[in-house]
Amino acid sequence: MDRIRIVGGKHLTGTIPISGAKNATLPLMIASLLTDETLVLENVPRLADVALLQRILGNHGVDVMVGGKRPGDGEYDGQTLHISAKRIVDTTAPYDLVSRMRASFWVVAPLLARMGQAKVSLPGGCAIGTRPVDLLLMSLRALGAEIEIDGGYVLARAPHGLKGGEVVFPKVTVGGTHTALMAATLARGTTVIENAAREPEIVDVADCLIKMGAKISGAGTSRIEIEGVSRLDGARHRVLPDRIETGTYAMAVAMAGGDVMLAGAKPELLQSALDVLVEAGAEIAATNEGIRIARNGAGIAPVEVVTAPFPGFPTDLQAQLMALMTRAKGTSHITETIFENRFMHVQELARFGAHIKLDGETATIEGVDRLKGAPVMATDLRASVSLVIAALAAEGETFVNRVYHLDRGFERLEAKLNACGAAIERLSA
Ligand code: UD1
């Protein structure tokens, strides 16, 4: 199994290109199931999760063609996928594929909407809490689907098609909103989603669906209205930049010190995280090229942060912020309100000499003067990158084990950091 070796203490200077957003790419690829025409997605990141979803879609009969490089393409430009679900040959998404990535469960919505049936294994994904799918199923029932659970599979049926309805989410769910949105595009009549997730990736998917001919208004607010249409067309869509990758590298620079341009990043996608970084002492400037982040000299100031659905501070940056706060000049508190078990990085950060106490959903982090490199283990996608951030500022050598978690969500992390002066290398087993 691959490991990553990092020698800490180097400042970061230069440019880091930001890739397309994983969390938009996955539902966009899944939306291809809604049409028999070709959906062209540009700026798709090269990630293990994208490759896995390609396999899952392939199992339904979807052809995915990866476009070659064009003249003038840079080293980090995203890929172009031509996705065609002309004929869906199988409406079953099997356990061995779905159990490896939670978002693949979302195929249930377009399969049901277009084919009137779907059989999808209950999901897996990062072990960061129970992560049920009750709200996703509730939204499909609200559109007239019959749902049964049998042998670890969800059997969803709508033999006469889905019917528009009212979906009221008792809590904000990104996956629930994607599910309801996709299902409603092909339902007869009007659907209203209340308490919808407002994440930028929801807006990106809605924009793409609109290009495909869907009638959607209100994406990006907590009330989305969809008027069903009888069919959707192909379209061409460019995936928005990854705000979690952006925030992660911003925290890495704040941690290691230096001055880096996050090229292609959009500040409005992560304003709450940028505000926290400014409070912590980083300098941030938005330019035409992207976001420039610098921390020179001064220490890191402690912060008080509570994770929340967008536009609040994202749970997907919680672990990275905690790594940064391990070296703050004072005591920070970080409260995780989205996932109950998302603190597995705490014991790994302790190996660097970090002082963190957990009390329910709140972590108290007492900043220390120095961290020391250590062997650590990646436990989930975002937690694993928090260990990289800690290692960048730790004295000596760190080995991060189980790096396949990183490859699920960060495109060529070592290359991007090395280009800015970090000392990080992948050791193949
Ligand atoms: C998505 C993101 C993930 C991010 C999360 C929250 C993708 C591919 N993944 O995950 O990176 O951390 O949003 O921003 O976009 N819940 C239920 N019942 C349900 C569904 C969810 O109780 O049926 C709960 C979850 O356990 C969690 C909360 O709702 O406590 C939010 O989860 P949700 O927004 O659905 O997360 P995902 O869509 O899985």
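If you're wondering where the values come from, they're calculated on a predicted model, not measured in any experiment. (Residues numbered from 1 in each chain as written. Predicted model: local features only at pLDDT ≥ 70, side-chain atom pairs only at ≥ 80, totals over all residues. Heavy atoms only, no water.)

*Asks:* How should the packing of helix α1 (residues 22-31) against helix α2 (residues 48-59) be read in this particular structure?
*Replies:* Helix packing for two helices is described by the angle between their axes and how far apart those axes are. Two numbers describe how α1 lies on α2: the axes approach to 10 Å, and their chain directions differ by 10°. Taken together, the axes of α1 and α2 are roughly parallel relative to one another. For the pair α1 and α2, the contacting residues are Lys22, Thr25, Leu26, Met29 and Ile30 in the first and Asp49, Val50, Leu53, Gln54 and Leu57 in the second. In terms of residue class, the contact of α1 with α2 is made up of six nonpolar, two polar and two charged. (Axes fitted to C-alpha atoms, helices over the stretch in contact; angles between N-to-C directions. Helix = DSSP H or I, 4+ residues; strand = E, 2+ residues; numbered from the N terminus. Parallel < 35°, antiparallel > 145°, perpendicular 65-115°, else oblique. Contact = heavy atoms within 4.5 Å. Nonpolar A, V, L, I, M, F, W, Y, C, P; charged D, E, K, R; others polar.)

*Asks:* I'm lost on the sheet that holds strand β1 (residues 3-7) in this one. Help?
*Replies:* Strand pairs in the sheet, formed through backbone hydrogen bonds, run parallel or antiparallel to each other. Strand order in the open sheet formed by four strands is β22-β23-β1-β24, and the pairing between neighbours is mixed. For this open sheet the edge positions go to β22 (375-377) and β24 (423-427), each flanked by a neighbour on one side alone. For this sheet, the mean angle separating the axes of adjacent strands, direction not counted, is 20°. Where β22 and strand β23 (residues 397-401) come together, three bridges link them in parallel fashion. Residue pairing across strands places Met377 opposite Asn401, the latter belonging to β23. (Pairing = 2+ DSSP bridges.)

*Asks:* What am I meant to see in the site of the ligand here?
*Replies:* Near the ligand you find 20 residues, and of these Asp134, Leu135, Val174, Asp316 and Ile338 are the closest. Within the side chain of Asn23, an N or O atom sits 3.0 Å from an oxygen atom of the ligand. At 2.5 Å from an oxygen atom of the ligand is found a main-chain nitrogen or oxygen belonging to Ile338. For the ligand, whose free accessible area comes to 740 Å², the fraction covered by protein is 91%. Mapped onto the shell around the ligand, the elements with two or more residues apiece are α5 (134-142) and α6 (174-185). If you tally residues by element for the shell around the ligand, the top one is α5, at three residues. (Near = heavy atom within 4 Å. Polar contact = N/O pair within 3.5 Å; in protein donor to acceptor, adjacent residues only side chain to side chain. Areas by Shrake-Rupley, 256 points an atom, 1.4 Å probe, with all protein chains shown as cover.)

*Asks:* Sorry, what's going on with the domain arrangement of the chain here?
*Replies:* What the domain assignment reports for the chain is domain 1 (3-18 + 242-427) and domain 2 (22-231). Contacts between domain 1 and domain 2 engage 24 residues on the former and 21 residues on the latter. Carbon and sulfur atoms make up 53% of the area that domain 1 and domain 2 hide from each other, which totals about 2100 Å². On the domain 1 side of the contact with domain 2, Phe310, Arg408 and Glu411 bury the most area, a combined 32% of that side's loss. On inspection of domain 1 and its partner domain 2, the count reaches three salt bridges. As a salt-bridge pair, Arg243 and Glu201 come within 2.8 Å of each other at their nearest N and O atoms. Of all the elements in the fold, those that place two or more residues in the side of domain 1 that touches domain 2 are α12 (381-393), α13 (404-409) and α14 (413-418). No other element matches the three residues that α13 contributes to the side of domain 1 that touches domain 2. When the residues that make up the side of domain 1 that touches domain 2 are grouped by side-chain class, the tally is ten nonpolar, two polar and twelve charged. (Domains from an automatic or database assignment. Buried area = accessible area lost by both parts, 1.4 Å probe. Salt bridge = Lys/Arg side-chain N within 4 Å of Asp/Glu carboxyl O.)

*Asks:* Is there a simple way to think about the layout of surface pockets in this case?
*Replies:* Where empty space is left in the structure can be found by rolling a water-sized probe over the atoms. Size it by volume and the second largest pocket reaches roughly 290 Å³. Lining the second largest pocket are 15 residues, and of these Arg70, Asp73, Gly78, Gln79 and Thr80 lie nearest its centre. When residues of the lining of the second largest pocket are traced back to their parent elements, those giving at least two are β3 (38-44), β5 (79-84) and β14 (235-238). In terms of residue count, the dominant contributor to the lining of the second largest pocket is β5 (three residues). Here the residues of the lining of the second largest pocket are counted per class, giving no nonpolar, seven polar and eight charged. (1 Å grid on protein atoms, 1.4 Å probe; cavity = no way out; pocket = protein on both sides within 12 Å on 5 of 7 lines; lining within 4 Å. Points joined across faces, edges and corners; volume = space filled by probe spheres on them.)

*Asks:* Would you mind going over empty space enclosed by the protein with me for this structure?
*Replies:* The full count for this structure, using the stated rule, is two cavities of 30 Å³ or more. Space inside the largest cavity adds up to approximately 30 Å³. Taken together, Ala21, Lys22, Asn23, Glu201, Asp242, Ile244 and Arg382 make up the full set of residues lining the largest cavity. In the lining of the largest cavity, the residues fall into two nonpolar, one polar and four charged. Considered as a void within the structure, the second largest cavity measures approximately 30 Å³ in volume.

*Asks:* I would appreciate a short explanation of the sheet that holds strand β13 (residues 223-227) in the present structure.
*Replies:* Strand order across the open sheet formed by four strands is β10-β11-β13-β12, with mixed pairing between neighbours. Whereas interior strands pair on both sides, the edge strands pair on one side only; in this sheet they are β10 (166-168) and β12 (215-217). Across the sheet, the mean angle separating the axes of adjacent strands is 15° when strand polarity is ignored. Here five bridges tie strand β11 (residues 190-194) to β13, and the two strands are oriented antiparallel to one another.

*Asks:* Explain the packing of aromatic side chains to me, please; I cannot follow it from the model alone.
*Replies:* This model, assessed by the stated rule, comprises zero aromatic pairs. Seen from the ring of Tyr153, Lys119 lies directly overhead, with NZ or CZ sitting 5.0 Å from the centre. (Phe/Tyr/Trp six-rings, centres within 6.5 Å; stacked < 30°, edge-to-face > 60°. Lys NZ or Arg CZ within 6 Å of the ring centre and 35° of its normal.)

*Asks:* I keep staring at the nonpolar core and nothing clicks. Help me out?
*Replies:* Nonpolar side chains in soluble globular proteins generally cluster together in the buried interior. In terms of nonpolar packing, the biggest core is built from 78 residues, with Phe105, Leu162, Leu181 and Leu209 touching the most fellow members. Residue contributions to this core peak at six residues, all from α1. (Core = buried A, V, L, I, M, F, W, Y, C linked by side-chain atoms within 4.5 Å. Buried < 20%, exposed > 50% of the residue type's maximum accessible area, 1.4 Å probe, protein only.)

*Asks:* Where do I start with helix α4 (residues 108-115) in this structure?
*Replies:* In an α-helix, one turn spans 3.6 residues, which is why side chains three or four residues apart end up on the same side. Buried residues dominate α4, accounting for six of its eight residues. Buried residues of α4: Val108, Ala109, Pro110, Leu111, Leu112 and Ala113, and no others. Buried residues belonging to α4 abut α1, β7 (117-121), α5, β9 (153-157) and α6. Directly after α4, the chain includes Gly116, whose backbone phi takes a positive value near 80°.

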